[in-house]
Amino acid sequence: MRVCHRTHQGLVRASNQDNWLAQAPLYGVADGMGGHRGGETASRVALQVFQNAIGHKEPDTAALRMAVEAANRRVYDMSAHDESLSGMGTTMSMIWQDKDRLLIAHVGDSRIYRLRDGKLQQITDDHSFVAELVRNNIITPEMAKKHPQRNIITRAVGVDPFVQVDVLEEELQPGDLWLICSDGLHGMVEEEEIQSILTEMELEEAAERLISRALENGGHDNVTFVLLSHTEVTDK
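Analysis parameters
- Residues numbered from 1 in each chain as written.
- Predicted model: local features only at pLDDT ≥ 70, side-chain atom pairs only at ≥ 80, totals over all residues.
- Heavy atoms only, no water.
- Helix = DSSP H or I, 4+ residues; strand = E, 2+ residues; numbered from the N terminus.
- Rg over C-alpha atoms; globule rule 2.2 N^0.38 Å.
- Buried < 20%, exposed > 50% of the residue type's maximum accessible area, 1.4 Å probe, protein only.
- Contact = heavy atoms within 4.5 Å.
- Lys, Arg positive; Asp, Glu negative; His and termini not counted.
- Charge placed at Lys NZ, Arg CZ, Asp CG, Glu CD.
- Core = buried A, V, L, I, M, F, W, Y, C linked by side-chain atoms within 4.5 Å.
- Pairing = 2+ DSSP bridges.
- Salt bridge = Lys/Arg side-chain N within 4 Å of Asp/Glu carboxyl O.
- Axes fitted to C-alpha atoms, helices over the stretch in contact; angles between N-to-C directions.
- Parallel < 35°, antiparallel > 145°, perpendicular 65-115°, else oblique.
- Left-handed = near helix turned anticlockwise from the far one by under 90°.

1. Digging into the overall build of the protein chain
A count of helical and extended segments in the protein chain gives seven helices and eleven strands. Relative to the 2.2 N^0.38 estimate, which gives 18 Å for 236 residues, the radius of gyration of the protein chain is 17 Å and therefore close to what a compact globule would have. The principal-axis extents of the C-alpha atoms in the protein chain amount to approximately 50 × 40 × 35 Å. A total of 236 residues make up the protein chain; the buried ones form 50% of that total. Taking the contacts inside the protein chain whose residues are at least 6 apart along the sequence as the reference set, 69% of them involve residues at least 24 apart. Of the charged side chains in the protein chain, 23 are positive and 37 negative; the average position of the first set lies 2 Å away from that of the second.

2. Comments concerning the nonpolar core
Generally speaking, soluble globular proteins have nonpolar side chains that are buried together. Among the nonpolar cores identified, the biggest contains 29 residues, and Phe50, Val68, Met92, Met94, Trp96 and Val157 are the most heavily contacted of them. Among the secondary structure elements, those contributing two or more residues to this core are β3 (26-33), α1 (35-54), α2 (61-81), β5 (92-97) and β6 (101-107). Here this core takes eight residues from α2, the largest share from any one element. Excluding residues that lie within four positions of it along the chain, methionine 94 makes contacts with Leu21, Tyr27, Gly28, Val29, Leu47, Phe50, Leu103, Ile104, Ala105 and Ile112. In this structure, Tyr113, Leu185, Leu203 and Phe225 belong to the second largest nonpolar core, which totals 23 residues.

3. Details of the environment of glutamate 208
Along the chain, glutamate 208 falls in helix α7 (residues 203-216). Each C-alpha atom of the pair glutamate 208 and histidine 5 lies 9.7 Å from the other, and the pair is 203 residues apart in sequence.

4. Details of the pairing of strand β10 (residues 177-181)
Each regular strand carries side chains that alternate between the two faces of the sheet. Among the five residues in β10, five count as buried, and that is most of the element. The side-chain alternation of β10 yields two buried faces, one formed by Leu177, Leu179 and Cys181 and the other by Trp178 and Ile180. Looking at chain direction, strand β7 (residues 111-116) and β10 are connected through five bridges and run antiparallel. Following the sheet pairing, arginine 114 is matched in β10 by tryptophan 178.

5. Regarding the environment of aspartate 125
Its location among the elements puts aspartate 125 in the loop between β8 (119-122) and α3 (129-135). Judged by its relative accessible area of 43%, aspartate 125 is partly exposed. Setting aside residues no more than four positions away along its own chain, aspartate 125 makes contact with His106, Gly108 and Arg135.

6. Side note on the pattern of salt bridges
Evaluated as defined, the whole model comprises 15 salt bridges. The partner of aspartate 176 in a salt bridge is arginine 116, with the nearest N and O atoms 2.8 Å apart. One end of the pair, aspartate 176, is in the loop between β9 (166-171) and β10; the other, arginine 116, is in strand β7, with 60 residues separating them in the sequence. Connected through shared salt-bridge partners, Glu193, Arg209, Arg213 and Glu216 make up one network.

7. Examining the packing of α1 against α2
Relative to each other, α1 and α2 sit at 140°, their axes nearing to 8 Å. When the interaxial angle is binned, α1 and α2 end up oblique. The crossing of α1 and α2 is right-handed. Only Ala63, Leu64, Ala67, Val68, Ala70, Ala71, Arg74, Val75 and Met78 of α2 make contact with α1, whose side of the interface consists of Thr41, Ala42, Val45, Ala46, Val49, Phe50, Ala53 and Ile54.

Here you go:
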């Protein structure tokens with residue numbers, strides 16, 4: 001698996017509250033919220049606790065879910081006991097790589113995409129107010145892009161004592177390219193353009209181009225992503 005990651009504060013935010021994890025076999029992005037200190041703390045601590053909870057375990061969906069739940073408890077407890085961190089939380093979109101599959105855990109509106117045979121597909125569902133409206137056919141995806149409440153998320157790690165985690169299992173095929181990203185990327189660059197960049201450019205060049213396009217389109221949020229390129233399946 002070839003790996004490439006980038007993060008940028010963007011052009012508007014006063015700080016970068018995103019954090020990323022790219023240490024095989026674990027990869028992920030966490031987009032924090034709750035003010036300058038709170039957001040950065042939530043995303044950083046969540047990824048640390050998640051990684052520690054996984055430890056040296058073999059890939060397993062129950063262990064994956066429990067690792068996110070452990071991150072949720074830690075962030076929630078810190079928020080409850082430190083007034084300066086009150087209300088903090090974070091998204092988490094995580095991949096745990098196995099030999100021929102990927103285990104995915106997801107909370108919030110960061111996203112995991114898969115590029116296969118030149119086609120980009122969103123694998124995770126956004127846990128957001130506008131995404132619920134789209135899924136219920138109340139508004140269209142185009143309307144969601146400009147909805148005044150598009151930044152409201154309905155699930156986050158650390159906001160409540162318990163968290164509902166989406167856990168998925170996806171087949172890993174040679175040639176797959178996986179993108180884990182905060183909404184600072186997918187909210188600034190259209191999926192069609194992301195697909196074009198990932199299809200036409202090498203990994204490092206594509207990473208630079210994605211950051212450039214997010215900034216050129218306004219850079220309204222922190223931009224963070226991890227790219228995973230799977231070239232072959234090896235026996236372990």
